[in-house]
Amino acid sequence: MSLTAWFELLASGLITGGIYALVALGLNLQYGLMRILNIAHGEFLVLGAYLTWWIHTSFGISPLWMLPVSFLLLLAIGMLVHRLCFRRLAATAPDLDAFEARGLMVSFGMMFVVQSAVSLTWGADLRGYDYLTQPVVVGPTQFAANMLLIFGLSLAFSLALIALLRYTLLGKGVRALMQSPVGAQLVGIDTRRLHPLMFGVGLGLSGIAGCLLSMTWTISPSMGAPYTVTALIVITLGGFGSMIGALAGGLLLGVVEALGMHFTSPSLKMLLSYGVFIGVLLWRPNGLFAR
Amino acid sequence: MSQADSKAARRSPTEGRFAAPRPVSPRRRRLAQALALAGGSLALPALAQKSEAPLRIGYAIARTGPWAGGAQVSQEPNYLMWAEQQNAAGGADVKGVKRRIELISFDDRSEMETCIRTYEKLMGSDKVDLILPPWGSNANFALAPLANRHGYPMLAPTALSRKLVDMNLPFFFSLLQQPDRMMGALVDLLVAQDIKSIAILYMDDLFGLENFAALNNALKKTRIQVLERKSYPLGVKDLSPVLRTIKDQSPDAFIGITYPPDTILASRQSKEIGFNPRLFYASVGTAFQLYRNVIGAGAEGVTGMGSWNAKSSAGAKAYFDAHKAKFGGKEPDRWASGHCWAGLEILTQALGKVGMDRKAIRDYVAKTEHQTIVGPIRFQGSENATIPGSVGQWQNGEFEIVWPKQLATGQLAMPKPEWK
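Remember, predicted model here, so these are calculated numbers, not experimental data.

### Some points on the nonpolar core
Part 1: Counting 199 residues, the largest nonpolar core has Val-23, Ala-24, Leu-25 and Val-234 of chain A together with Ile-131, Ala-147 and Met-154 of chain B as its most contacted members.
Part 2: The greatest single-element share of this core, amounting to 14 residues, is contributed by helix 1 (residues 3–34) of chain A.
Part 3: There are two domains that each give this core at least three residues, and those are domain 1 (55–173 + 312–384) and domain 2 (180–308 + 390–407) of chain B.
Part 4: Residues in contact with Val-234 of chain A, not counting those within four places in the same chain, are Tyr-20, Ala-21, Ala-24, Ala-246, Gly-249, Gly-250 and Leu-253 of chain A.

Okay, here's the thing in structure tokens:
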């Protein structure tokens with residue numbers, strides 16, 4: 001296989017992986033920080049995708065403008081959902097395990113609510129639009145402009161989140177909460193404010209991912225669940241709560257899938273993903289990047 | 001008996017403030033009788049109209065889940081429009097008697113189990129008069145034997161499976177052309193266009209596998225060289241690694257046995273990598289309005305499964321326009337939508353001729369040649385024996401039927417222009 005072919009394969013793997021990473025980061029924030037395994041994460045992605053499609057096709061507004069709109073709207077929805085559901089659950093659950101189990105059930109229900117709401121509002125038809133599909137020459141080969149944009153933006157948003165958590169006071173507070181919730185509260189970190197905000201940011205990221213996805217893939221109300229599953233694989237790969245891990249895990253999974261699809265068959269894609277997943281669980285049960 | 005009922009029963013009949021009967025004067029009674037009579041005569045026409053029970057027609061179809069994309073384009077809109085049109089004319093003609101159509105429909109959530117259970121209930125306990133089929137080869141495959149056992153005729157608009165047809169279920173009729181016909185037509189076209197090499201990408205489910213097998217079978221009689229055969233799963237998000245491999249082999253034609261999201265994905269990614277063979281064929285979804293909307297000018301020259309458009313017949317034009325008007329500009333797809341409507345036309349004719357008798361309807365459907373918007377349809381066993389396999393192509397914003405001649409609405413344009 002030529003060098004160009006290798007480059008093409010790795011690049012297309014990284015592009016897909018970038019999206020995986022972005023979806024996984026949001027979920028990881030919710031699970032790593034609050035132990036909320038939000039099964040409905042992918043459904044909120046659908047909401048971001050439909051909003052972008054709808055605004056773009058109805059009013060001709062560029063999908064890029066919808067990035068901040070989707071983020072803020074889903075942030076607000078996230079904070080509301082946290083206030084209505086998870087805060088009450090946290091107050092009434094006897095211990096963390098019970099909270100995790102109950103949270104899982106609640107988000108499972110939420111999955112149907114969001115999916116049905118999208119179906120009711122926009123119908124079940126497959127939707128899509130044409131945006132930046134022109135090929136752009138990159139070195140010896142070419143990629144669609146929207147794919148490169150998606151890759152660049154998902155990487156940028158992922159790195160921005162990682163930088164936020166690493167270098168700001170807010171980020172320090174969040175990391176402290178991840179390491180030791182009780183210890184963090186003892187030194188004065190306000191969980192009542194930080195938890196809803198971070199849950200909202202997690203959903204906001206899925207809104208951004210949905211907005212980006214709609215630029216290149218067709219969208220339907222049922223498209224979310226596979227992304228949730230992939231995100232779960234990615235955060236297990238990277239290690240629960242590890243943001244760098246989620247980014248690296250997402251990119252790795254994308255590359256493994258692309259290589260696997262080339263050398264075997266696309267039909268074996270899920271087998272490859274789960275193969276990597278099981279391998280990591282056996283070899284490093286806490287994830288590749290867990291300390 | 002409930003608690004409230006038993007209490008009421010224990011109460012004496014004269015208990016209560018207005019219970020004691022008061023004598024009514026004979027004059028007043030006559031007046032009341034006259035009024036009642038007048039009221040009754042006013043209500044009579046309405047009563048006469050309502051005396052015929054509505055025709056209860058049940059179905060389950062995907063409104064949510066992965067099947068919904070196809071079901072909501074090619075199938076359910078037709079059911080709704082048909083019932084509305086029939087009711088607007090005072091009801092369906094059931095052997096000379098007008099009966100309103102009452103649709104009893106459920107969302108099968110793209111789940112086979114939900115789908116089958118719903119039909120089990122509709123036929124077994126609700127005992128609806130007729131059923132309309134669910135969406136897709138898989139669901140029809142599962143339902144057909146059950147419907148057959150219950151004796152419900154099934155005119156399936158979206159079932160593409162030779163295996164299902166070969167089961168020879170007397171109550172099952174498939175409106176679409178079967179894989180051997182569709183793939184046979186495609187291969188005839190390839191041969192006629194002197195295509196020497198092809199690459200095949202196919203979906204690994206019942207639809208994909210049967211069409212793939214039929215395609216290979218048809219290719220056996222030709223000298224066309226197959227450079228690549230690759231399968232992919234439902235919900236695939238990236239086909240570019242495979243398409244790049246195929247591009248490196250420069251086949252004359254690309255044959256995708258694909259579903260709507262993958263049809264669009266394969267087209268977009270072919271444009272992305274600059275893969276532009278002389279003939280580009282993708283199966284389901286190419287004939288959708290969505291394809292033209294999403295791929296835009298790049299759709300020009302793309303071929304796919306299709307068998308009719310508004311130019312095919314006057315009936316087809318009327319149907320196309322009515323569909324667009326009813327669903328806010330949404331166009332029917334140029335393949336299964338038309339066949340679905342044809343199925344409803346056949347059902348309407350059957351009801352008019354033999355009445356609401358499921359066995360008689362079955363016999364009528366099986367033995368008659370039906371005039372429909374997609375052409376005359378006659379069944380041989382379960383198979384639509386009159387409509388040949390066909391190929392369509394996007395040309396200036398319309399999906400023209402380009403193969404075979406008897407269905408053609410336009411000339412095949414080769415080679416496919418560059419993706420725009």
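### What to know about the interface of chain A and chain B
Part 1: The interface of chain A with chain B comprises 35 residues on the first partner and 36 residues on the second.
Part 2: Tallying contributions element by element places helix 1 of chain A first for the side of chain A that touches chain B, with four residues.
Part 3: Classifying every residue of the side of chain A that touches chain B gives 15 nonpolar, 16 polar and four charged.

### Focus on the pairing of strand 16 (residues 398–403) of chain B
Residue and element names in this part refer to chain B.
Part 1: For strand 16, the tally of buried residues reaches five of six residues, placing the bulk of the element in the interior.
Part 2: In this structure, strand 15 (residues 391–395) lies alongside strand 16, joined through five bridges in antiparallel fashion. Its bridge partner being in strand 16, Gln-395 is matched across the sheet by Glu-398.

### A few points about the sheet that holds strand 4 (residues 101–107) of chain B
Residue and element names in this part refer to chain B.
Part 1: Taking strand neighbours across the sheet as the criterion, the three strands line up as 4-1-5 in an open arrangement whose pairing is parallel. What marks the edges here is a single partner per strand, and that holds for strand 4 and strand 5 (130–131).
Part 2: As judged from the two bridges shared by strand 1 (residues 55–61) and strand 5, these two strands associate in the parallel manner. Each bridged residue has a counterpart across the sheet, and for Ile-57 the counterpart in strand 5 is Leu-130.
Part 3: Along the sheet face, helix 4 (residues 76–88) touches strand 1 and strand 4 and points at about 160° away from the line of strand 4.
Part 4: Its contacts with the sheet put helix 5 (residues 112–124) on strand 1, strand 4 and strand 5, and the angle it makes with strand 1 is roughly 170°.

### Notes on the packing of helix 14 (residues 336–354) of chain B against helix 15 (residues 358–367) of chain B
Relative placement of two packed helices is described by the angle separating their axes and the distance separating the axes.
Residues and elements named next belong to chain B.
Part 1: Running from amino to carboxyl end, helix 14 crosses helix 15 at an angle of 120°, the nearest separation of the two axes being 9 Å. As the angle between them shows, helix 14 and helix 15 are arranged oblique. The handedness of the crossing between helix 14 and helix 15 is right-handed. Two secondary-structure elements touch here, helix 14 through Ile-346, Ala-350, Lys-353 and Val-354 and helix 15 through Ala-360, Ile-361, Tyr-364 and Val-365.
Part 2: Taken together, the residues of the contact of helix 14 with helix 15 break down into seven nonpolar, no polar and one charged.

### Focus: the sheet that holds strand 11 (residues 279–282) of chain B
Residue and element names in this part refer to chain B.
Part 1: Across the sheet, which stays open at both edges, the seven strands sit in the order 9-8-10-11-12-15-16 with mixed pairing between neighbours. Here the strands that pair on one side only, and so sit at the sheet edges, are strand 9 (225–232) and strand 16.
Part 2: Pairing of strand 8 (residues 197–203) with strand 10 (residues 253–257) involves five bridges; the strand directions are parallel. When the sheet's bridge partners are listed, Leu-201 is paired in strand 10 with Gly-256.
Part 3: Here helix 8 (residues 179–192) sits on the sheet and contacts strand 8, strand 10, strand 11, strand 15 and strand 16; the angle it forms with strand 15, its principal contact strand, is near 65°.
Part 4: Strands in contact with helix 10 (residues 240–248) are strand 8, strand 9 and strand 10; relative to strand 9, the strand with the most contacts, it is inclined by about 175°.

What counts, and at which threshold
- Within any chain, residue numbers begin from 1 and follow the written order of that chain's sequence.
- Chains carry letters from A onward and ligands carry numbers from 1 onward, assigned in written order.
- Owing to the predicted nature of the model, reporting of local features is limited to residues with pLDDT of at least 70; listing and counting of side-chain atom pairs is limited to 80 or more, with chain, interface and lining totals taken over all residues.
- By definition, a nonpolar core groups buried Ala, Val, Leu, Ile, Met, Phe, Trp, Tyr and Cys residues that connect through C-beta atoms lying within 7 Å of each other.
- With C-beta atoms placed from the backbone, a residue is buried if 20 or more other C-beta atoms are within 10 Å of its own, exposed if 12 or fewer are, and partly exposed between those counts.
- Counting from the N terminus, the helices are the DSSP runs of H or I reaching at least four residues and the strands are the DSSP runs of E reaching at least two.
- Each domain's extent was defined by an automatic or database domain assignment.
- Residue pairs qualify as contacts under a 7 Å threshold applied to their C-beta atoms, which are placed from the backbone.
- Nonpolar residues are Ala, Val, Leu, Ile, Met, Phe, Trp, Tyr, Cys and Pro. Charged residues are Asp, Glu, Lys and Arg, and all others, Gly as well, are polar.
- Strands were regarded as paired on the criterion that DSSP finds at least two bridges between them.
- Whenever a helix is involved, its axis is fitted only over the stretch in contact; in every case the axis is a line through C-alpha atoms, and angles between N-to-C directions fall within 0 to 180 degrees.
- Oblique is the label for any angle not covered by the other classes, which are roughly parallel (under 35 degrees), roughly antiparallel (over 145) and roughly perpendicular (65 to 115).
- Working rule for handedness: look at the near helix, and if it is turned counterclockwise from the far one by less than a right angle, call the crossing left-handed; if clockwise, right-handed.

By themselves, these observations are geometric and do not establish any function.
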